[in-house]
There are 6 protein chains.
Amino acid sequence: MTDASQYTIQHEPFYQATGREVELYQAAYRSRLPVMVKDPTGCGKSRFVEHMAWKLGKPLITVACNEDMTASDLVGRYLLEANGTRWLDGPLTTAARIGAICYLDEIVEARQDTTVVIHPLTDHRRTLPLDKKGELVNAHPDFQLVISYNPGYQSLMKDLKQSTKQRFVAFDFDYPAADVESTILQQEANVDAAMADKLVKIAHTARNLKGHGLDEGISTRLLVYAANLMRDGIAAGDACRMALVSPITDDADIRSTLNHAIDAIFG
Amino acid sequence: MTDASQYTIQHEPFYQATGREVELYQAAYRSRLPVMVKDPTGCGKSRFVEHMAWKLGKPLITVACNEDMTASDLVGRYLLEANGTRWLDGPLTTAARIGAICYLDEIVEARQDTTVVIHPLTDHRRTLPLDKKGELVNAHPDFQLVISYNPGYQSLMKDLKQSTKQRFVAFDFDYPAADVESTILQQEANVDAAMADKLVKIAHTARNLKGHGLDEGISTRLLVYAANLMRDGIAAGDACRMALVSPITDDADIRSTLNHAIDAIFG
Amino acid sequence: MTDASQYTIQHEPFYQATGREVELYQAAYRSRLPVMVKDPTGCGKSRFVEHMAWKLGKPLITVACNEDMTASDLVGRYLLEANGTRWLDGPLTTAARIGAICYLDEIVEARQDTTVVIHPLTDHRRTLPLDKKGELVNAHPDFQLVISYNPGYQSLMKDLKQSTKQRFVAFDFDYPAADVESTILQQEANVDAAMADKLVKIAHTARNLKGHGLDEGISTRLLVYAANLMRDGIAAGDACRMALVSPITDDADIRSTLNHAIDAIFG
Amino acid sequence: MTDASQYTIQHEPFYQATGREVELYQAAYRSRLPVMVKDPTGCGKSRFVEHMAWKLGKPLITVACNEDMTASDLVGRYLLEANGTRWLDGPLTTAARIGAICYLDEIVEARQDTTVVIHPLTDHRRTLPLDKKGELVNAHPDFQLVISYNPGYQSLMKDLKQSTKQRFVAFDFDYPAADVESTILQQEANVDAAMADKLVKIAHTARNLKGHGLDEGISTRLLVYAANLMRDGIAAGDACRMALVSPITDDADIRSTLNHAIDAIFG
Amino acid sequence: MTDASQYTIQHEPFYQATGREVELYQAAYRSRLPVMVKDPTGCGKSRFVEHMAWKLGKPLITVACNEDMTASDLVGRYLLEANGTRWLDGPLTTAARIGAICYLDEIVEARQDTTVVIHPLTDHRRTLPLDKKGELVNAHPDFQLVISYNPGYQSLMKDLKQSTKQRFVAFDFDYPAADVESTILQQEANVDAAMADKLVKIAHTARNLKGHGLDEGISTRLLVYAANLMRDGIAAGDACRMALVSPITDDADIRSTLNHAIDAIFG
Amino acid sequence: MTDASQYTIQHEPFYQATGREVELYQAAYRSRLPVMVKDPTGCGKSRFVEHMAWKLGKPLITVACNEDMTASDLVGRYLLEANGTRWLDGPLTTAARIGAICYLDEIVEARQDTTVVIHPLTDHRRTLPLDKKGELVNAHPDFQLVISYNPGYQSLMKDLKQSTKQRFVAFDFDYPAADVESTILQQEANVDAAMADKLVKIAHTARNLKGHGLDEGISTRLLVYAANLMRDGIAAGDACRMALVSPITDDADIRSTLNHAIDAIFG
């Protein structure tokens, strides 16, 4: 049996609630309902899940999904050893056995076979068949499945099927309100309120450009980067261009608009 | 020989019949006719098959099909061990040997080679050739094959061939009638009739939107989720948005329509 | 050497000839001409080949072709064992060695490399080169190759090349005449002539819809299913809908047409 | 060293020359020029190459190319054995070592990497690098490469590159003249001249339909099949339909035209 | 534990700064921010990263990304050995363990799964889960991730997702100013200022053709090549055609324009 | 350490220079500049590279690139042996270690990952990272990389990226001048000047058809073939049709034009 303690969150992760999401998640967990977390890029869904695992005192196993991930990567496989083959549980199987919260990050990236294997874990059966091993794992009573899903990436090719979606309750996240985001910057990057407020203003400018030449607004994470650089003595213009402009676009017009905003706000 | 008892359903699964399906299935089983179960998402076909296996007292082996599943995943493969290779029966072969009901869930997801391997099991031969092992398995007299098939997913790329379809008798399922569905909610989530009826009303609103912006109506399963949350003290609006709206659509208009219905019915 | 007796047909398979096909096949076999069998779905080509193998007293090895089948699946491969690798003949090689009739079912489904490997077995050479083993197998004098081919599945992507087709003599099958088909139903499902005739009438209705909304007519096999259910006491309407309507179409109009025919004929 | 004798043609293969091809091939072989043989389906190119190998007294190694054939299938590979890996020469390497004629049949079917490996064998180098073994094989002085190429299959996707084509001298084959083809039928199927002439007439009718509904004319091989069946007592109409019509087309109009010709010629 | 010293840059790599990039990189490193380096072809981004690793005294592990690179190539894999399987850390894992700067060159070339594995290394977690080994690697405090990204190669198929981009601060590089580039040529190829200036002039002519028939301007690297050849006694025309014209275009008009410029400048 | 002598060219390969290419190549080698050789089909680039390797007294390792070649085929791989796995250097690694000229023939055929692995060998680093072995190979001072590139095959799908092209100096080859080509024929095929001149004339006719129905002109190699056959006593018409017409085109009009030219020149 895997030692669950290695997956336990040791310290409370900083998380600034933006609504009733903590209370609602707790109710979902009490009924062991599978949970889907939706948000635009960089709004802190990973941190929310970590926070909830910490709060509930349950181990957390996170899997970053990708398009080359197979069902075996989740469920487990046989390893060849000196004395023949040995079965190695995958992260989903481990979570089901030890009663962890299993968090499948960016599930739409995964191949569809990986989404099918979660089905029997997400209905009244709460089982995981290990076809290759000939074992039927009954999930631990504490086990819960959480997936993240970025609706912005939906496409005909890459979307969850309704038969998968309808196995989850869902949380919609969004960028935090201006004052909340400013507080986050002050806490995370140790800058003062004035500097934090200015960075949030730039973010709002960029987020308004979403769909008008920008695929995605500036995330809270990039604001933290810029704040870090400024606290370290880098000039506001350099820090913002390096953290808020160059990474997200190569379009000359959008860059110019963002640079004007930076100059206007910090100038 | 695999121990059949591990695949036996121990307790009667709750199943609310909606027509003559139980009697008809029993007749199909008496002639060992292969069975195809069709339904929209979340109407309980898995539970129906479980119920029938329990009623008939036969072991049930369920395989969730996916597009990366190969014929070997069904039929079996050689494993490398310390003393050479060892053959491991796949779930279909096990079912054929022990006389189980083998349920291939969402068969259209599987690669076509997996559908071809079931052909000799579904006609007068009732055999399964293990080409790689050089063995011809004669199915146990109790063996029966059941597949599920969601006609809504049909496409040019993913549909069963007529030469496969014409090997099955078929059952069409649909959402249960309003009173039956309400009963299900009361039994499954332990809520009162008034609350159950209101949830069914919301479901009917959403199901009418199918084809008008919604790919699929709200399933009975999601209604049970919402009922669970409400019984746990979550406000009706929060519970319904979390269980009935957010998971199934990101379209702002459809969400607005559904939210209005929720407010009107629970308001 | 493989024991040929395990591939011998023990009991005469029921087969109702519809023309001179038995006599013609015998002549083809006397010259060891490769044979191609063409038919729409479910007309009994597999049973015809079984019948001929029984009549000729030759072992029969059947391979259900599929799109993931490689030449190695037909010809053989090395298996890894405790003392190194061991060669395992594939079904085609076994048939060539023991003098069996090798029946490749639905050959167009296979990858083209599998069709190329049969070429030297189908001309004056009658050899099978096992490139990976460095052996050239000379076919047993009794060996014959039979393939089935469904012209309805032809497409630009999936058709036999002329250089393959022109290695075979061909038999065209079709649905049996009404009286023959009725006899088959009476014998196979043990129903009376009246009931059998009515089922054949429904089949004729459906076969006329082929190309007008139906991809394929109702096969004799499905009629046998319906007859089985009715003999078991299921009402004609239920039996026909379950065996003749639901499996073959989800189109509401076609279903309605078929249901009317059922009601009219049995009503 | 492989024993070359197993690849030696023991008996003179029947071959009816249709021009100066034998003399020209001999000259090409004297200069060890690589040879390309072009023909429509079933004109006997394989038999010509066999005949030349027999006449020149050289071993012949034939490889039927296919789209899943890799360079390793030609060149060789490491096999895993009890004492580690062992190198196994592929057919091309064997031919280069023992001085055989290596005949790559339907080379356009092969993946391009297989055509690239033959390049250093077809210019002044006459070498074959075994990259995976770290060996450079110098071809035996008797080695010659022959490929067949069906120009009718050319397409953008599947054609030889000029850098490959320009490494060969080429022979164009065609259907034999009427009297030559009749002689072939008399010799191969042991039928009289009158019957042979009639079959050749049917073939000419069909060959005129090439490009007007038929992809390819009737090959000499199919005429031999029909002659075989007639010699065995099968009626001319049955034999011709089975050997000359059914295998090559499912088009009702073309079938009707061919049947009329058969009835007119044999009637 | 891998010996970090083998990845240490021994000698100061020549690097001519073109702005404040050295200072800004140092600030980014102090906060351990992940860095993205953008430039057109051949502007010296690899050398910049080497220079910074040398300046910071940290080991540098470079990985040239390619479209067949899998996550396992970065993270590690099991090797089969005499006593069973042994885990071998990939370059990214090694870098995370020893505290190196890990430089993923041309990251957009890699398959998306390789970009997903870097996510947990680029946020507050700074961890790398080795799913196949069941280990969670906590990055060494000195570890930093650097990627290069050529915006000119962006396409719908090959672009970083915003959820990846927004994990980096970015540096935009460009061709050096004329005097800086001339200095580089003089130092690298040991030519005099006059010759270096002339080569830079030709480069400017070619860079103006970018988008007007040329995909990319002439890089500093090719100028160094031409200078090397001229220092070695090759005539200016030959050296420039060989190093500056032939490699970059086969278009007759563009070649003519470039040749005129070469003749005019050196003539 | 591999024995370099097996890669040494023993005898001077015949090479007829057509310009200053020998001198320019020597200068490129002195600076160890990577070299790209461009030519139409069959102009002798392979022989030029062999000639230069002989002249410089360096070993030559040639790799014929193909679309299934992986980076591992160039760099090396682990082989499984009785005592575990053993690393086997690929040809590029061997060349880098022993100081050979490594010639990658038809590089555009290779998958892009193979072009990325050559990058660090073609700039100031002159290193080859063996990621799977955890070794960084420093190239031997004598090592040089040469690639060939046929601009006629360029396409959107198959072209070198500028970031690869700009790592090479390039040589453009073309068909030799008429008198040079005639000399080559006389020397290679031992024919007299009159016959050689006539063959060159036919080649010029065909080369003028390039782009007007012919993909590529007749190469010098094919002229040598025709000359060989004529010296062996084959009539001029037969020899030319077999060596100069049949291999390169199946178009009836082009064949007719070429045949007229042959008859006019030799008639």
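Residues numbered from 1 in each chain as written. Chains lettered and ligands numbered in written order. Predicted model: local features only at pLDDT ≥ 70, side-chain atom pairs only at ≥ 80, totals over all residues. Heavy atoms only, no water.

An unreviewed UniProt entry lists chain A under the name Nitric oxide reductase NorQ protein, from Thiothrix caldifontis. Looking at the Sequence similarities (unreviewed entry) heading of the UniProt record, one finds this comment for chain A: "Belongs to the CbbQ/NirQ/NorQ/GpvN family." (UniProt positions renumbered as here; feature names shortened; annotations may be inferred.)

Undergrad: Residue-level account of unusual backbone geometry, with values.
TA: Residue and element names in this part refer to chain B. The phi torsion at Glu106 lies on the positive side, around 55°, for a residue other than glycine. Within the secondary structure, Glu106 is located in the loop between β5 (101-105) and α5 (112-117). Despite not being glycine, Arg126 has its phi angle at roughly 45°, a positive value. On the secondary structure map, Arg126 appears in the loop between α5 and β6 (127-130). (Helix = DSSP H or I, 4+ residues; strand = E, 2+ residues; numbered from the N terminus.)

Undergrad: Go over the pairing of strand β5 (residues 101-105) of chain E, please, and point to the residues and values.
TA: For a regular strand, the rule is simple: side chains alternate between the two faces of the sheet. Residues and elements named next belong to chain E. Within β5, five of the five residues are buried, which leaves it mostly tucked inside the rest of the structure. Side-chain alternation along β5 places Ile101, Tyr103 and Asp105 on one buried face and Cys102 and Leu104 on a second face that is also buried. Where strand β2 (residues 60-64) lies against β5, five bridges are found, and the strand directions are parallel. Within the sheet, the bridge partner assigned to Thr62 lies in β5 and is Tyr103. Pairing of β5 with strand β8 (residues 144-149) involves four bridges; the strand directions are parallel. Looking at β8, one finds that Leu104 is bridged to Ile147. (Buried < 20%, exposed > 50% of the residue type's maximum accessible area, 1.4 Å probe, protein only. Pairing = 2+ DSSP bridges.)

Undergrad: Mind laying out the arrangement of the chains, listing which residues take part and the relevant values?
TA: The two partners chain A and chain C share no contact, and the minimum distance between any of their C-alpha atoms is 10 Å. Between chain A and chain D there is no contact, and the shortest C-alpha to C-alpha separation is 14 Å. (Contact = heavy atoms within 4.5 Å.)

Undergrad: Report on the relation of the copies chain A and chain B, specifying residues and quantitative values.
TA: Of the two same-sequence chains, chain A is brought onto chain B (RMSD 0.0 Å, axial shift 0.1 Å) by a rotation of 60°. On this basis, the relationship between the two copies can be described by a six-fold rotation axis. Interface overlap between copies: only 2% of the residues of chain A at the interface are likewise at the interface in chain B, consistent with a contact formed by different surfaces. (Least-squares fit on C-alpha atoms with pLDDT ≥ 70 in both.)

Undergrad: Report on the relation of the copies chain D and chain F, specifying residues and quantitative values.
TA: With an RMSD of 0.0 Å, the fit of chain D onto chain F corresponds to turning through 60° and sliding 0.0 Å along the axis. Take the interface residues of chain D: only 5% of them recur as interface residues in chain F, which is what a contact between different surfaces looks like.

Undergrad: I'd love a proper account of the packing of helix α8 (residues 193-208) of chain F against helix α11 (residues 252-266) of chain F, names of residues and values included.
TA: All names here are of chain F. At a minimum axis distance of 10 Å, the contact between α8 and α11 shows a crossing angle of 155°. Here α8 lies roughly antiparallel to α11, going by the angle between them. You can see that α8 and α11 cross each other, and the crossing is right-handed. Side by side, α8 and α11 meet where Met195, Lys198, Leu199, Lys201, Ile202, Thr205 and Ala206 of the first sit next to Leu258, Ala261, Ile262, Ile265 and Phe266 of the second. Considering only residue class, the contact of α8 with α11 consists of nine nonpolar, one polar and two charged. (Axes fitted to C-alpha atoms, helices over the stretch in contact; angles between N-to-C directions. Parallel < 35°, antiparallel > 145°, perpendicular 65-115°, else oblique. Left-handed = near helix turned anticlockwise from the far one by under 90°. Nonpolar A, V, L, I, M, F, W, Y, C, P; charged D, E, K, R; others polar.)

Undergrad: Residue-level account of the interface of chain D and chain F, with values.
TA: Each partner contributes residues to the interface: chain D has 42 residues there, and chain F has 45 residues. For the pair chain D and chain F, the two sides together bury roughly 3600 Å², of which 50% comes from carbon and sulfur. Interface area lost by chain D to chain F is led by His124, Gln162 and Gln166 of chain D, which between them contribute 18%. Across the contact surface, chain D and chain F share four salt bridges. (Buried area = accessible area lost by both parts, 1.4 Å probe. Salt bridge = Lys/Arg side-chain N within 4 Å of Asp/Glu carboxyl O.)

Undergrad: Kindly report on the packing of aromatic side chains, identifying the contributing residues and their values.
TA: On inspection of all chains with the given rule, the structure shows 30 aromatic pairs over all chains. Judged by centre distance (5.7 Å) and plane angle (90°), the ring pair of Tyr25 of chain E and Phe48 of chain E falls under edge-to-face. Taken together, the residues Tyr25 of chain E in helix α1 (residues 21-30) and Phe48 of chain E in helix α2 (residues 45-56) connect sequence positions 23 residues apart. With respect to class, Tyr25 of chain E is no different from Phe48 of chain E; both count as buried. Between the aromatic rings of Tyr15 of chain F and Phe48 of chain F, the centroid separation amounts to 5.3 Å while the plane-to-plane angle is 45°, which identifies the pairing as tilted. Here the residue Tyr15 of chain F occupies a position in the segment before α1 (21-30), and Phe48 of chain F occupies one in helix α2 (residues 45-56), the gap between them amounting to 33 residues. You'll find Tyr15 of chain F and Phe48 of chain F in the same group, each marked buried. Of the aromatic side chains, those joined through ring pairs into one cluster are Tyr15, Tyr25, Phe48, Phe171 and Phe173 of chain A. (Phe/Tyr/Trp six-rings, centres within 6.5 Å; stacked < 30°, edge-to-face > 60°.)

Undergrad: So, the interface of chain A and chain B: which residues are in play, and what are the values?
TA: Accessible area lost upon the coming together of the parts is a frequently used measure of interface size. Listed as interface residues are 41 residues of chain A and, on the opposing side, 45 residues of chain B. Here chain A packs against chain B, burying approximately 3600 Å² in sum over the two surfaces, 50% of which is carbon and sulfur. At the junction of chain A with chain B, the criterion picks out four salt bridges. We note a salt bridge from Asp250 of chain B to Lys38 of chain A, for which the minimum N-O separation is 2.5 Å. Taken together, the links from chain A to chain B amount to 13 residue pairs in polar contact (both at pLDDT 80 or more). For the side of chain A that touches chain B, the elements supplying multiple residues, two or more each, are α1 (21-30), β1 (35-38), β3 (76-81), β4 (84-89), α5 (112-117), α6 (162-165) and β9 (169-172) of chain A. Across the side of chain A that touches chain B, the residue classes break down as 15 nonpolar, 13 polar and 13 charged. (Polar contact = N/O pair within 3.5 Å; in protein donor to acceptor, adjacent residues only side chain to side chain.)

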